[in-house]
Amino acid sequence: MNNMEINICPFCGEGHLIRSKKDVEYTYKGAKLLIAQPGLHCNKCEESILEPQDMASNRVDLQAFRARIDGLLEPKQIQKIRKQLRLAMNGVVSSSMRDKGMDYKMNFGVSVPKIKEIASQYEPSEALASLLWEQDVRELKIMATLLYPADAFTAEAANRWVSELKHLEIAEQLVANLLPKLPFAEVLATQWITDTREFVSVTGYLLLARLCTLGNQLTDSTAGLMVNAAASVVEEGLSRRQ
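Residues numbered from 1 in each chain as written. Predicted model: local features only at pLDDT ≥ 70, side-chain atom pairs only at ≥ 80, totals over all residues. Heavy atoms only, no water.

*Asks:* Now, about the overall build of the chain: what can you tell me, with residues and values included?
*Replies:* Within the chain one finds 13 helices and three strands. Within the chain, buried positions represent 40% of all 242 residues. At a minimum sequence separation of 6, the contacts of the chain that also span at least 24 residues come to 60%. On the chain, roughly 13600 Å² of surface is accessible, and the fraction owed to carbon and sulfur atoms is 52%. (Helix = DSSP H or I, 4+ residues; strand = E, 2+ residues; numbered from the N terminus. Buried < 20%, exposed > 50% of the residue type's maximum accessible area, 1.4 Å probe, protein only. Contact = heavy atoms within 4.5 Å. Areas by Shrake-Rupley, 256 points an atom, 1.4 Å probe, with all protein chains shown as cover.)

Here is the structure:
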């Protein structure tokens, strides 16, 4: 089978899928935005196949567009928050964290109480929190966990955020500020503790511990699963970077 046969469009059976960018009109609340959408596009019927990296390529632009329509902050306006963080920056703390392996792309070294103080100046918002989370900046990710409305945080969003975790501190803040407020928190935690991805598993244990601390009564099945999973970790161990 040659490449031409492999790339035959599954929709029309005549054209071929070609990786390129195609102008696509995106509509949100009556407003329209033209975006250059990468993907596998048929040269005959104009149907497309979008892979995960294709859908992710315009995520920030689409979130900014929705934010503008909703009258919320957008990426350029995040500069205001960054300015507040720079004014509160602690270079010594930032350097110390970096030396200990906490390799954020950007870390202002701002204390968590100060981050909470800055976050309190903004209304909780799904769009704003999503924009903040997309930034690979320690303080902005922590602010995202503070500003995302719990009633809008879906299981799908929770799974995506946890799968993107790279630092224990962010996992701890996510558990402290947002996850316990979800009505399905225990269900997520039981799924995560058996996950082979380190930070997903660790977040599951942190969440179960947090639920217990808050006085939540875990089901017998959850308690049993936690004990068995913990015993497995003790026996096999976890590879920890920090």
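*Asks:* Can you explain helix H11 (residues 185-192)? Please cite residues and give values.
*Replies:* Counting buried residues in H11 gives six out of eight residues, a clear majority hidden from the surface. Residues of H11 that are buried include every one of Ala185, Glu186, Leu188, Ala189, Thr190 and Trp192, and no others.

*Asks:* Report on the confidence of the model for the chain, specifying residues and quantitative values.
*Replies:* On average, residues of the chain score 86 in pLDDT, and 88% of them are at 70 or above. Ranking the elements of the chain by mean pLDDT puts helix H1 (residues 3-6) last with 46 and helix H10 (residues 168-177) first with 97. Across residues 1-5 the pLDDT falls below 50, and counting only partners more than four positions away or on other chains, this stretch makes two contacts in the model. (pLDDT = per-residue confidence, 0-100.)

*Asks:* Explain the nonpolar core residue by residue, including any values.
*Replies:* Core analysis: the largest hydrophobic core is formed by 51 residues, its most contacted members being Leu132, Met143, Phe153 and Leu179. Among the elements that take part in this core, helix H12 (residues 198-213) stands out by supplying six residues, more than any other. Setting aside residues up to four positions removed in sequence, Met143 forms contacts with Ile81, Ile115, Ile118, Ala119, Tyr122 and Leu132. Counting residues in each nonpolar core, the second largest holds five residues, with Tyr28, Leu33, Leu62 and Phe65 among its members. (Core = buried A, V, L, I, M, F, W, Y, C linked by side-chain atoms within 4.5 Å.)

*Asks:* Describe in detail the sheet that holds strand E3 (residues 48-49), supporting the description with residues and values.
*Replies:* In space, the three strands of this open sheet follow the order E1-E2-E3, with antiparallel pairing throughout. Whereas interior strands pair on both sides, the edge strands pair on one side only; in this sheet they are strand E1 (17-28) and E3. (Pairing = 2+ DSSP bridges.)

*Asks:* Can you explain the packing of helix H4 (residues 78-87) against helix H8 (residues 138-147)? Please cite residues and give values.
*Replies:* Look at H4 against H8: their axes get within 11 Å of each other, and the N-to-C directions meet at 110 degrees. By the criterion of interaxial angle, the relationship of H4 to H8 is roughly perpendicular. Our pair here, H4 against H8, has a crossing hand that is right-handed. The segment H4 lies against H8, with Ile78, Ile81, Arg82 and Leu85 engaging Glu139, Leu140 and Met143. When the residues that make up the contact of H4 with H8 are grouped by side-chain class, the tally is five nonpolar, no polar and two charged. (Axes fitted to C-alpha atoms, helices over the stretch in contact; angles between N-to-C directions. Parallel < 35°, antiparallel > 145°, perpendicular 65-115°, else oblique. Left-handed = near helix turned anticlockwise from the far one by under 90°. Nonpolar A, V, L, I, M, F, W, Y, C, P; charged D, E, K, R; others polar.)

*Asks:* Can you tell me about the packing of aromatic side chains, naming the residues and giving the values?
*Replies:* Following the criterion strictly, the structure yields four aromatic pairs and no others. Here Tyr148 and Phe153 contribute two aromatic rings whose centre-to-centre distance is 4.7 Å and whose plane-to-plane angle is 70 degrees, an arrangement assigned as edge-to-face. Like Phe153, Tyr148 is buried. Here Phe153 and Trp161 contribute two aromatic rings whose centre-to-centre distance is 5.0 Å and whose plane-to-plane angle is 70 degrees, an arrangement assigned as edge-to-face. The burial state of Phe153 is the same as that of Trp161; both residues are buried. Ring-pair connections join several aromatic residues into one group, and the members of that group are Trp133, Tyr148, Phe153 and Trp161. Residue placement shows Lys141 over the ring face of Trp133; its charged tip is 4.2 Å from the ring centre. (Phe/Tyr/Trp six-rings, centres within 6.5 Å; stacked < 30°, edge-to-face > 60°. Lys NZ or Arg CZ within 6 Å of the ring centre and 35° of its normal.)

*Asks:* Before we move on, can you summarise helix H6 (residues 112-119) with the specific residues and values?
*Replies:* Residues Val112, Ile115, Ile118 and Ala119 constitute the buried set of H6. Along H6, the residues classed as buried sweep out an arc of 115 degrees about the axis, all on the same side. Buried-residue contacts for H6 involve H4, H8 and H10. (Arc of directions from axis to C-beta.)

*Asks:* Describe in detail the pairing of strand E2 (residues 31-42), supporting the description with residues and values.
*Replies:* Looking at chain direction, E1 and E2 are connected through twelve bridges and run antiparallel. Following the sheet pairing, Ile18 is matched in E2 by His41. The hairpin formed by E1 and E2 contains two residues between the paired strands, and Lys29 there has a positive phi angle of roughly 55 degrees. As paired elements, E2 and E3 share two bridges and run antiparallel to each other. Looking at E3, one finds that His41 is bridged to Ser48. Where E2 folds back onto E3 in an antiparallel hairpin, the turn is made up of five residues, including Glu46, whose phi is positive at roughly 70 degrees.

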